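Listed below, chain by chain, are the residues.
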Amino acid sequence: MGWFCQGFGFGEIDLAYSLSAQTGTPVDQIFAMKSSGLGWGEIKKQLTGDTPTQEPKPTKEPKPTKEPKPTKEPKPTRNPNLPRNREVKEYETRLLDEYDRPAVLFWFSLGVWR
């Protein structure tokens, strides 16, 4: 638990002990290498002398790009503060149904409800 209390995770502790068993290097030295800023891959390369045996895969040749589609004409934008005609008619109809019809017509005539 001493290594864990020093900030190393259980996976790192397991990896350090596995490398120690493979190479005969003391665990203290492996953790010193890790604390100095080396990554686990670099530590393993230094201890075992492993070099990558696989050759890198060749990269694929890029496909030719397709001809771009013509851009569409932007639709004219409307003022978001102004309601659409259909919305106005639905709003007026709903008000006429919900409230006293003569009162609503009076307020419409004054322009208060728009």
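Residues numbered from 1 in each chain as written. Predicted model: local features only at pLDDT ≥ 70, side-chain atom pairs only at ≥ 80, totals over all residues. Heavy atoms only, no water.

Looking at the environment of Leu15
Its location among the elements puts Leu15 in helix 2 (residues 10-23). With a relative accessible area of 34%, Leu15 lands in the partly exposed category. Residues Leu15 and Val27, 12 residues apart in the sequence, show an inter-C-alpha distance of 10.0 Å. (Helix = DSSP H or I, 4+ residues; strand = E, 2+ residues; numbered from the N terminus. Buried < 20%, exposed > 50% of the residue type's maximum accessible area, 1.4 Å probe, protein only.)

Observations concerning the side chain of Ser20
Within the secondary structure layout, Ser20 lies in helix 2. Of the polar contacts made by the side chain of Ser20, one reaches the backbone oxygen of Thr25; its length is 2.7 Å. In this structure, Ser20 is in contact with Thr25, Pro26, Val27 and Ile30, ignoring residues within four places of it in sequence. (Polar contact = N/O pair within 3.5 Å; in protein donor to acceptor, adjacent residues only side chain to side chain. Contact = heavy atoms within 4.5 Å.)

So, the nonpolar core
Trp3, Phe8, Ile13, Ala16, Leu19, Val27, Ile30, Phe31, Met33, Trp40 and Ile43 form the largest nonpolar core, which has 11 residues in total. Contributing elements (two or more residues each) for this core: helix 2, helix 3 (27-35) and helix 4 (40-48). The element contributing the most residues to this core is helix 3, with four residues. (Core = buried A, V, L, I, M, F, W, Y, C linked by side-chain atoms within 4.5 Å.)

Quick word on the packing of helix 2 against helix 3
Two numbers describe how helix 2 lies on helix 3: the axes approach to 9 Å, and their chain directions differ by 125 degrees. In terms of axis orientation, helix 2 runs oblique to helix 3. Taken as a pair, helix 2 and helix 3 cross one another with a handedness that is right-handed. Judged by residue contacts, Glu12, Ile13, Ala16, Tyr17, Leu19 and Ser20 of helix 2 engage Val27, Ile30, Phe31 and Lys34 from helix 3. Split by residue class, the contact of helix 2 with helix 3 holds seven nonpolar, one polar and two charged. (Axes fitted to C-alpha atoms, helices over the stretch in contact; angles between N-to-C directions. Parallel < 35°, antiparallel > 145°, perpendicular 65-115°, else oblique. Left-handed = near helix turned anticlockwise from the far one by under 90°. Nonpolar A, V, L, I, M, F, W, Y, C, P; charged D, E, K, R; others polar.)

Observations concerning the side chain of Thr25
Relative to the assigned elements, Thr25 resides in the loop between helix 2 and helix 3. At a separation of 3.0 Å, a polar atom in the side chain of Thr25 contacts the side chain of Thr23.

A look at the packing of aromatic side chains
Under the defined criterion, the tally for this structure stands at one aromatic pair. Between Phe31 and Trp40, the aromatic rings sit 6.4 Å apart at their centres with planes inclined by 85 degrees, giving edge-to-face as the arrangement. On the basis of relative accessibility, which here comes to 1%, the residue Phe31 falls in the buried class. Judged by its relative accessible area of 16%, Trp40 is buried. (Phe/Tyr/Trp six-rings, centres within 6.5 Å; stacked < 30°, edge-to-face > 60°.)

Section: the packing of helix 2 against helix 4
Any two packed helices are characterised by how steeply their axes cross, that is the angle between the axes, and by the distance between the axes. Running from N to C, helix 2 and helix 4 cross one another at 10 degrees; their axes reach a closest spacing of 10 Å. Our classification of the angle between helix 2 and helix 4 gives roughly parallel. For the pair helix 2 and helix 4, contact is made by Glu12, Leu15, Ala16, Leu19, Gln22 and Thr23 and by Trp40, Ile43, Lys44, Leu47 and Thr48, respectively. Broken down by class, the residue content of the contact of helix 2 with helix 4 amounts to six nonpolar, three polar and two charged.

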